[in-house]
Amino acid sequence: MKYERVRNFINGSFKEVSSQRTLPIISPSDGSILAEMPCSTAADVNDAVQAAKAAFPGWSKTPIKERVQVFFRYKYLLEQHLQELSALVSEENGKTMTEAIAEVDKCIELTEFATSLPQLITGEVLEVSAGVECRTSHIPLGVVASIVPFNFPAMVPNWTIPNAIALGNCMIMKPSDKVPLSLAVLARLLKEAGLPDGVLNIVNGDSEVVDAICDHPDIEAVSFVGSTKVAKIVYQRATQHLKRCLALGGAKNHLLVLPDAKPGMTAQNVAASMSGCAGQRCMAASAMIGVGQIDHIVDLVCEEVKKIVPGQNLGAVISKESKERIEKYITEAEAQGARILVDGRGVKVSGKENGTYVGPTVIDYVTADMAVAKEEIFGPVISIMRTNTVDEALRIENANPYGNAASVFTQNGGMARYIAERANAGMIGVNVGVPVPREPFSFGGWNESKFGVGDITGKSSIEFWTKLKKSTTKWNPEEGVNWMS
Ligand code: NAD
């Protein structure tokens, strides 16, 4: 095995996990076993919580101006270790090195935002009546938890670590059981940046760890990013234990393409959106709805997609099960009468025959009732549906239970606005294939793509990671004056 057995990170040190139950960490690119990950238990979660609890009084009392100094140094260290960290992200996740570098760049940007938090949480103050002042301040919650998925081993942890910790909380982080290696590097860099012991703790494992987090009486808030199925489980379990919870789920993102869309630009965006990170992005385009005559754009989409080559500019999907699931969707759609314009099934990459690659796939004449049109596929597959009117296209988009993102491609500003206002999704793109809002704007979908209030990044995250204290102060030299009683 290339790497040593995965360890938890508790109170500033890497610790062996006693559990005998283990999972293999498999390289999606070549099928080799990279490491063995022991599955932690509720007792391990409790050790992490005790460390975080002990660290909280000191960390929360450290002024935020000092707390963010750690993140200035962490940002610098991420830049210094960009190549090493990107290589590990690529290795454990299967994405290309270019995509992994973009992921680490995003970690740097997220950290940069956290360093600006002192400017954003100054609170409000107002003289509400003569000599009486009300002020608000953002107070950290205490011990909080963050549970993350496999598709961004470094970026999604950095959606929560910098903001939650800079705001004064101490954190228990639960990595994906498929990609736990990058997070250990992040922990090492944070320690080097001066983060005090116990402020960040990592507990590796599977659902047993997640259940223990949701149940632990000393964890105040839980953030989750992953599939809708598990987001619902986590949201229900954490809130049942009266915790604050924000749970981001899966997605089915639609691109509405109008006949006046710029053909080349649209085709490039569609191809990049459906195939980036092998389609394993919650912001990936999964369905394209062509309104009216858009054959010329479909032809260009196919041309662009054929430039995407597995093992070169297309990474592997995470596992054998994922590859089989994705290929099954394609086969079912074909059997139901859809046309496969570009077929990514049965791909083998020379020299990496055990890698789990799926080639980019374009399926045309998909109808709204097919599984491939309705369900999250999480692979490099785009399903094309066709409608005669914009309202028909919107009906299809609106009917989908998810609501992460939707985009429109057109040169008509009025039409773009009409669609943007009516699309039932939290993140909207106009001539943008992957409409991720950059900081300070916040990331979060609607409907079954997110449970809970607010968003996970940007300014909105401040409300999730803090509670508001409202102080009313009467301080006046004139005695006997009856102010407010
Ligand atoms: P997943 O839901 O299988 O796993 C997410 C986390 O939950 C992991 O840490 C995993 O160990 C844990 N887990 C898995 N099954 C569990 C169970 N039964 N009980 C408790 N915990 C469990 O998701 P994944 O396969 O790692 O990631 C892919 C999914 O994440 C996709 O659906 C994708 O759309 C979604 N995602 C969403 C966003 C977003 O912002 N909305 C971002 C990234 C990924």
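Residues numbered from 1 in each chain as written. Predicted model: local features only at pLDDT ≥ 70, side-chain atom pairs only at ≥ 80, totals over all residues. Heavy atoms only, no water.

Asks: Could you give me a rundown of the sheet that holds strand E14 (residues 339–342), with the residues and numbers involved?
Replies: Sheet strands pair by backbone hydrogen bonding; their relative direction is either parallel or antiparallel. Taking strand neighbours across the sheet as the criterion, the seven strands line up as E14-E15-E16-E13-E12-E17-E18 in an open arrangement whose pairing is mixed. The sheet is open, and its two edges are formed by E14 and strand E18 (427–430), each paired on a single side. Averaged over all pairs of adjacent strands, the angle between their axes in this sheet comes to 20°, without regard to strand direction. As paired elements, strand E17 (residues 405–409) and E18 share four bridges and run parallel to each other. Bridging across to E18, Ser 407 finds its partner in Gly 429. (Pairing = 2+ DSSP bridges. Helix = DSSP H or I, 4+ residues; strand = E, 2+ residues; numbered from the N terminus. Axes fitted to C-alpha atoms, helices over the stretch in contact; angles between N-to-C directions.)

Asks: With reference to specific residues and values, describe unusual backbone geometry.
Replies: Residue Pro 440 is reached from Glu 439 by a cis peptide bond, and omega for that bond is 15°. The residue Pro 440 is located in the loop between E18 and strand E19 (450–451) in this model. Positioned with a positive phi, Cys 277 is a non-glycine residue whose angle comes to about 55°. Relative to the helices and strands, Cys 277 is located in the loop between helix H10 (263–275) and strand E13 (285–291). We note that Asn 431 has phi near 60°; this positive angle belongs to a residue other than glycine. Taking relative accessible area as the criterion, Asn 431 reaches 23% and is therefore assigned partly exposed. (Buried < 20%, exposed > 50% of the residue type's maximum accessible area, 1.4 Å probe, protein only.)

Asks: Please provide a residue-by-residue account of helix H1 (residues 42–61), values included.
Replies: Look at H1: 29 Å from first C-alpha to last across 20 residues, which is about the 28 Å you get at 1.5 Å a residue. Ala 55 marks where H1 bends most, by close to 40°; the proline Pro 57 follows one to four residues later. For H1, the full list of buried residues reads Asp 44, Val 45, Ala 48, Val 49, Ala 51, Ala 52, Ala 55, Trp 59 and Ser 60. (Expected span 1.5 Å × (residues − 1). Bend = angle between axes of the 7 residues up to and from the residue.)

Asks: Which residues make up the domain arrangement of the protein chain, and what values go with them?
Replies: Taken as a whole, the protein chain is organised into domain 1 (8–250 + 445–470) and domain 2 (253–430). Summarising the inter-unit geometry, the C-alpha centres of domain 1 and domain 2 are found 31 Å apart. The interface is formed by 22 residues belonging to domain 1 together with 30 residues belonging to domain 2. Three residues stand out in domain 1 for area buried against domain 2, namely Pro 28, Phe 150 and Trp 446, and they jointly supply 24% of the buried area on that side. Linking domain 1 with domain 2 are zero salt bridges. Our enumeration of links across domain 1 and domain 2 arrives at 10 residue pairs in polar contact (both at pLDDT 80 or more). (Domains from an automatic or database assignment. Contact = heavy atoms within 4.5 Å. Buried area = accessible area lost by both parts, 1.4 Å probe. Salt bridge = Lys/Arg side-chain N within 4 Å of Asp/Glu carboxyl O. Polar contact = N/O pair within 3.5 Å; in protein donor to acceptor, adjacent residues only side chain to side chain.)

Asks: Give a description of the side chain of Ser 286 that names residues and reports values.
Replies: Relative to the helices and strands, Ser 286 resides in strand E13. Looking at Ser 286, its side chain comes within polar contact range of the side chain of Lys 252, at 2.9 Å. Apart from the residues lying within four places of it in its own chain, the contact partners of Ser 286 are Lys 252, Asn 253, Val 381, Ile 382 and Ser 383.

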